[in-house]
Amino acid sequence: MAHVLACGDVITGCSAVLSGPTESDLLQQVADHAEADHGITDITPDVLEAVRAAIRRD
């Protein structure tokens with residue numbers, strides 16, 4: 001079962017959808033995407049909480 005995040009659920013207007021086999025893999029993709037596409041290099045606890053709340057399992 002894949003872990004899936006629609007970035008737009010956390011950052012309004014972003015159409016990226018990321019997925020990984022584990023939450024850890026997905027969170028690494030999210031960190032890479034946040035830096036490359038949003039300029040976010042510091043994932044704060046609040047951001048991490050919002051990301052985790054938006055993760056779906058498909």
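Residues numbered from 1 in each chain as written. Predicted model: local features only at pLDDT ≥ 70, side-chain atom pairs only at ≥ 80, totals over all residues. Heavy atoms only, no water.

K.L.:
Can you walk me through the nonpolar core in this structure?
P.N.:
The nonpolar side chains of a soluble globular protein tend to be buried with one another. Among the nonpolar cores identified, the biggest contains eight residues, and these are Leu5, Leu18, Leu26, Leu27, Val30, Val51, Ala54 and Ile55. Contributing elements (two or more residues each) for this core: α1 (23-38) and α2 (45-54). Element by element, the count of residues in this core is highest for α1, at three residues. With near-sequence residues (within four places) excluded, Ala54 lies in contact with Val4, Leu5, Asp9 and Val10. (Core = buried A, V, L, I, M, F, W, Y, C linked by side-chain atoms within 4.5 Å. Buried < 20%, exposed > 50% of the residue type's maximum accessible area, 1.4 Å probe, protein only. Helix = DSSP H or I, 4+ residues; strand = E, 2+ residues; numbered from the N terminus. Contact = heavy atoms within 4.5 Å.)

K.L.:
What am I meant to see in the pattern of salt bridges here?
P.N.:
When their charged atoms lie close together, side chains carrying opposite charge are able to pair. All told, the structure shown has one salt bridge when counted by the stated rule. The partner of Glu23 in a salt bridge is Arg52, and the shortest N-O contact between them spans 3.0 Å. Taken together, the residues Glu23 in helix α1 and Arg52 in helix α2 connect sequence positions 29 residues apart. (Salt bridge = Lys/Arg side-chain N within 4 Å of Asp/Glu carboxyl O.)

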